[in-house]
Amino acid sequence: MNEDLLATVKKLQKEGSLEPQIKDLINRINELQQVNGEEAHLEEVLRKKQEALKILQDHWHKKKSKAQWLDMGEQLEDLMYQHKDLWELQVLEQRLTQEIRALERSLQHLLSERQQLSARLLEVERSPGESLGACAENRLQAEPESAEERPAVGAPAPASRSGWSRRWSWP
């Protein structure tokens, strides 16, 4: 429609029968066509820039997702190392606990033996005459009469009535 009107106006302009108002109208139409051309050009530029922006945003989102994935991977790796360290500490703690218990049992056993030895020593110190006599008498009574009944050299001595070994007896 604008093109038909413009063609008509140009035809009248060539004939020279245009009035000043029509000349104004032609100038406005020409300006409008220029604006329309610039508008179309700007719309094309805007469309291209929007496409570029979308590409950049997609690229940024991909980079961000990749960075988050890498960060999660690093966090997972850190957690794995922490778990390994904790596991190793637990194993060491269990071993130490077992060793401590074994040492405590050994200590209790040694303290018990010490207490028994102290009691026996105290008993011997309180009655040295009786103990010597009783030991000698016990030894004489316990000695076998024949060589076959005697224990071999280095064999453990038979237990006394009190449960103590005869290692404390006097020769």
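Trainee: What's the story with the overall build of the chain in this structure? I'm lost.
Mentor: Helices and strands together make up the secondary structure of the chain, namely three helices and zero strands. Overall, the chain shows an N-to-C arrangement of helices and strands of α-α-α. Looking at the chain alone, contacts between residues at least 24 apart form 46% of all its contacts between residues at least 6 apart. Summed over its atoms, the accessible surface of the chain is roughly 15800 Å², and 57% of this surface lies on carbon and sulfur atoms.

Trainee: Would you mind showing me how to read the pattern of salt bridges here?
Mentor: Opposite charge on two side chains allows them to pair when their charged atoms are near. Inspection of every chain in the model, using the stated rule, returns four salt bridges. Glu-51 is paired through a salt bridge with Arg-47; the nearest N and O atoms lie 2.6 Å apart. Taken as a pair, Glu-51 and Arg-47 lie in helix 2 (residues 20-126) at a separation of four residues, close to a single helical turn. According to the relative accessible area criterion, Glu-51 is partly exposed, its value standing at 41%. For Asp-58, the salt bridge identified is with Lys-54, shortest N-O distance 3.4 Å. Within this pair, Asp-58 and its partner Lys-54 are both found in helix 2, separated by four residues, close to a single helical turn. A single salt-bridge network, built from bridges that share partners, covers Glu-44, Arg-47 and Glu-51.

Trainee: What exactly am I supposed to notice about a negative patch on the surface here?
Mentor: A grouping of Asp-71, Glu-74, Glu-77 and Asp-78 is seen on the molecular surface, where their side chains present a negatively charged patch. As for its placement among the helices and strands, Glu-77 is situated in helix 2.

Trainee: Looking at this structure, how should I read a nonpolar patch on the surface?
Mentor: Residues Trp-69, Leu-70 and Met-72 make up a contiguous nonpolar surface patch of roughly 380 Å² in combined accessible area. Within the element layout of this structure, Leu-70 appears in helix 2.

Trainee: Would you explain the confidence of the model for the chain in this entry?
Mentor: Close reading of the predicted structure is inappropriate where its pLDDT is low. Taken residue by residue, the chain gives an average pLDDT of 80. The fraction at 70 or more is 71%. Of all secondary-structure elements in the chain, the lowest mean pLDDT belongs to helix 3 (residues 128-142), at 57, while helix 2 reaches the highest, 93. Throughout residues 159-171 the model reports pLDDT below 50, and contacts reaching past four residues in sequence, or to other chains, amount to 26 contacts.

Trainee: Any chance you could explain the side chain of Ser-127 here in plain terms?
Mentor: Along the chain, Ser-127 turns up in the loop between helix 2 and helix 3. A polar contact of 3.3 Å, which involves the side chain of Ser-127, links it to the backbone oxygen of Glu-123.

Here is what the cut-offs are and how they apply
Counting restarts for each chain, with residues numbered from 1 along the sequence as it is written. Where local features are concerned, this predicted model is filtered to residues with pLDDT of at least 70; where side-chain atom pairs are given and counted, the filter is 80 or more; whole-chain, interface and lining totals use all residues. Just so you know, side-chain values use all the structure's heavy atoms and leave hydrogens and water out. Put simply, DSSP marks the helices as runs of H or I at least four residues long and the strands as runs of E at least two long, and each gets a number from the N terminus on. Note on contacts: a residue pair qualifies if any of its non-hydrogen atoms lie within 4.5 Å across the two residues. Here the open area of atoms and residues is found with the Shrake-Rupley method and a 1.4 Å probe, where only the protein chains shown may cover a residue. A pairing counts as a salt bridge when a side-chain nitrogen of Lys or Arg comes within 4 Å of a carboxyl oxygen of Asp or Glu. Working definition: with a 1.4 Å probe on protein chains only, accessible area under 20% of the residue-type maximum means buried, over 50% means exposed, and in between means partly exposed. Here a patch means residues that are over 30% exposed by relative accessible area and free of salt bridges, tied together within 9 Å if like-charged and within 5 Å if nonpolar (Val, Leu, Ile, Met, Phe, Trp, Tyr). In this charge count, Lys and Arg are treated as positive and Asp and Glu as negative; neither His nor the chain ends contribute. By convention, the point assigned to a charge is CZ for Arg, NZ for Lys, CD for Glu and CG for Asp. The pLDDT value expresses, per residue, how confident the predictor is, ranging between 0 and 100. N or O atoms within 3.5 Å of each other form a polar contact, as long as, within protein, one can give a hydrogen and the other can take it, and as long as residues adjacent in sequence are counted only when both atoms are side-chain atoms.

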